[in-house]
Amino acid sequence: MNKISTLQIHHPYEAPSDFGAFAPAVHKASTVFFPHVQALRQRSVFNRQAYTYGLHGTPTVYTLEERIASLEGGQFCVLAPSGLAAISIVNLGLLRSGDEVLLPHNVYGPSKEQAHSLLSRWGVACKFYDALDPASLQQQLGPRSRLVWVEAPGSVTMEFPDMRALVDIAKAAGAVCALDNTWGCGIAFCDYDFGFDVSMHALTKYPSGGADVLMGSVVTRDEELHRQLLQAHSILGIGVAANDVELVLRSLPTLDIRYRAHDTSARHLAQWLSQQSPVVQVLHPALPGSPGHEYWKRDCGAAAGLFSIVLDPAFTQQQVDAFVDGLKLFRLGFSWGGPMSLAVPYDLKAMRGEGKGYPGHLVRLCIGLEDTQDLQSDLAQSLSAAFGP
Ligand SMILES: Cc1ncc(COP(=O)(O)O)c(C=O)c1O
């Protein structure tokens, strides 16, 4: 052991183990060492009391899994490298050829695309139901329906569904019911109170909070479902990097405070915008008159900082674009939940088809952590520059 390279790789020093600090250690590995051959032979990706391979988790990964499972009131968690990858784990882990998957009409766009362009090629039929009409879910369900997705609220248009009714209908038909819980974040409501089997969360948004990490999670309370999800996870090769996990772990202690600050500011601005003349409708579940507001009121104690406004159809698209471009504090971009406010104009006709939208131009606003009055002044100056005082 007197050659430099061997000594640097097999150095005998081990730091004392009784180190205490707030931040968990960051464990990185591709190779995981086994203490002896018997342990290697007995390894199993389903045994979360041990380690098998970097892809299947290190102590850092297991720590975040436990914290996300607790956040959502579940028991088991699998992490994925993005929210969309977490959706893939649910679809690929639970569906097989001949099954049907049901999605709400206002589901997150790439989720719809995945069902349409990928799952359908593999013999999984996809059907859509009206998120605000549980009877339409009932009508679509059949003996082959294996998985029902719920999103609360719907993407971009923010309709809040009657989650209790949707879960009851899906489960009575024998389907597994999965929630995209990104907006609720484990804070606005506890999804397991409603009987969901699976909760998927884009940790990219509020749990990361920094607009700099992509990650997703899938939480369950059911050990058999968790096994199926873990199996899909381990053979798809979509693990998470410890440095990204570290960033999410660092942000979690401030999650609740940040979520509520986004909520307070967004509700103030949504209310204010509802009184501005270019705005004909504000789509924010906590605002009376917003689609599904009664279910938000019944089921939720908080709301995320995300909402959309519908601008008078009498204005031109150029004026709407000038409003978005004229904002100085809001940047133009998609992934929400970070400190900076964002605005995105959407073409609902192109997204959902003729007759599926709201009468007017839709702009989604993600409210960051800037001072609320500064954001209001920015919105005011750009509204008046684009649409007149
Ligand atoms: C509701 C919802 N679910 C899932 C995702 C996907 O998350 P990611 O961007 O981490 O893939 C997003 C992203 O915007 C989202 O808004």
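Residues numbered from 1 in each chain as written. Predicted model: local features only at pLDDT ≥ 70, side-chain atom pairs only at ≥ 80, totals over all residues. Heavy atoms only, no water.

Participant: Quick question: what am I supposed to make of the packing of helix α12 (residues 317-326) against helix α14 (residues 372-387) here?
Facilitator: Each pair of packed helices gets described by two things: the angle between the helix axes and the distance between those axes. Remark: α12 packs on α14, axes separated minimally by 8 Å, with the N-to-C direction vectors making an angle of 150°. Of the possible angle classes, the one that applies to α12 and α14 is roughly antiparallel. For the pair α12 and α14, the sense of crossing is right-handed. Contacts from Q319, V320, A322, F323 and G326 of α12 reach α14 at D378, L379, Q381, S382, L383, A386 and F387. Partitioning the contact of α12 with α14 into residue classes produces seven nonpolar, four polar and one charged. (Axes fitted to C-alpha atoms, helices over the stretch in contact; angles between N-to-C directions. Helix = DSSP H or I, 4+ residues; strand = E, 2+ residues; numbered from the N terminus. Parallel < 35°, antiparallel > 145°, perpendicular 65-115°, else oblique. Left-handed = near helix turned anticlockwise from the far one by under 90°. Contact = heavy atoms within 4.5 Å. Nonpolar A, V, L, I, M, F, W, Y, C, P; charged D, E, K, R; others polar.)

Participant: Where do I start with the sheet that holds strand β4 (residues 145-151) in this structure?
Facilitator: The strands making up a sheet associate through backbone hydrogen bonding, with each pair oriented either parallel or antiparallel. Read across the sheet, seven strands follow the order β1-β7-β6-β5-β4-β2-β3 without closing on themselves; strand pairing throughout is mixed. The open sheet terminates on both sides in strands that have one partner only, identified here as β1 (76-80) and β3 (125-129). Across the sheet, the axes of successive neighbouring strands diverge by a mean angle of 20°, strand direction being ignored. Here five bridges tie strand β2 (residues 100-104) to β3, and the two strands are oriented parallel to one another. Each residue of the ladder has a partner; that of V101, found in β3, is C126. (Pairing = 2+ DSSP bridges.)

Participant: Explanation requested: the packing of helix α4 (residues 83-94) against helix α5 (residues 109-117) in the structure shown.
Facilitator: Taken N-terminus to C-terminus, the directions of α4 and α5 make an angle of 35°; their axes are 10 Å apart at the nearest point. Seen along the crossing, α4 lies across α5 with a hand that is right-handed. Of the residues in α5, those in contact with L84, I87, S88 and N91 of α4 are P110, S111 and Q114.

Participant: I keep staring at unusual backbone geometry and nothing clicks. Help me out?
Facilitator: A negative phi angle is the norm for most residues apart from glycine, just as the trans form is the norm for most peptide bonds. In the segment running from A152 into P153, the intervening peptide bond is cis, with an omega of -5°. Secondary-structure assignment places P153 in the loop between β4 and α7 (163-172). One non-glycine residue, V156, lies in positive phi territory at about 65°. Locating V156 in the fold gives a position in the loop between β4 and α7. One non-glycine residue, C185, lies in positive phi territory at about 65°. Within the fold, C185 resides in the loop between β5 (176-180) and β6 (198-202). Judged by relative accessible area, which is 0%, C185 ranks as buried. (Buried < 20%, exposed > 50% of the residue type's maximum accessible area, 1.4 Å probe, protein only.)

Participant: It is not clear to me how the site of the ligand should be interpreted in this structure. Could you clarify?
Facilitator: Neighbouring residues of the ligand: 13 residues in total, closest G83, L84, D180, T204 and K205. At 2.6 Å from a nitrogen atom of the ligand is found a side-chain nitrogen or oxygen belonging to D180. The contact in question runs from an oxygen atom of the ligand to an N or O atom on the side chain of W336, over 3.1 Å. In isolation the ligand has 390 Å² of accessible area, and contact with the protein removes 89% of it. Secondary-structure elements contributing two or more residues to the shell around the ligand are α4 and β6. Residues belonging to the shell around the ligand are distributed by class as follows: six nonpolar, four polar and three charged. (Near = heavy atom within 4 Å. Polar contact = N/O pair within 3.5 Å; in protein donor to acceptor, adjacent residues only side chain to side chain. Areas by Shrake-Rupley, 256 points an atom, 1.4 Å probe, with all protein chains shown as cover.)

Participant: Looking at this structure, how should I read the side chain of K205?
Facilitator: The topology assignment puts K205 in the loop between β6 and β7 (216-220). Not counting the four nearest positions on each side in its chain, K205 is found in contact with T182, S335, W336 and G337.

Participant: Could you clarify how one ought to interpret the sheet that holds strand β9 (residues 306-311) in this entry?
Facilitator: Spatial strand order, β8-β9-β11-β10: four strands in an open sheet with antiparallel pairing. Of all the strands in the sheet, just β8 (279-283) and β10 (342-346) have a single pairing partner and so form its edges. In this sheet, neighbouring strand axes are inclined to one another by 25° on average, regardless of whether the strands run parallel or antiparallel. Judged from the five bridges that link them, β10 and strand β11 (residues 361-366) form a sheet pairing that is antiparallel. Residue pairing in the sheet places A343 in a bridge with L365 of β11. Contacts from α12 reach β9, β10 and β11, with the element oriented near 10° to β11.

Participant: Help me out: how do you make sense of the pattern of salt bridges in this one?
Facilitator: Pairs can form between side chains of opposite charge once their charged atoms are near each other. A complete count under the given rule lists eight salt bridges for this structure. Residue R267 pairs with D263 through a salt bridge whose shortest N-O separation is 2.7 Å. Taken as a pair, R267 and D263 lie in helix α10 (residues 255-273) at a separation of four residues, close to a single helical turn. Overall, D263 belongs to the buried group, its relative accessible area being 6%. Residues R298 and D299 are paired through a salt bridge, measuring 2.9 Å at the closest nitrogen-oxygen approach. A relative accessible area of 41% places R298 in the partly exposed class. Counted as one network, the salt bridges with shared partners bring together D162, R164, R298 and D299. (Salt bridge = Lys/Arg side-chain N within 4 Å of Asp/Glu carboxyl O.)

Participant: Which parts of the structure should I look at to understand the pairing of β6?
Facilitator: One face of the sheet, then the other: side chains in a regular strand alternate in exactly this way. Here β6 lies mainly inside the structure; five of its five residues are buried. Here β6 shows no split at all, with V198, M200 and A202 on one side and S199 and H201 on the other all buried. Examined bridge by bridge, β5 and β6 share three bridges and lie parallel to one another. Bridge pairing in β6 links L179 to S199. Summarising the sheet, β6 and β7 pair through five bridges and their orientation is antiparallel. Paired with V198 across the two strands is T220, which belongs to β7.

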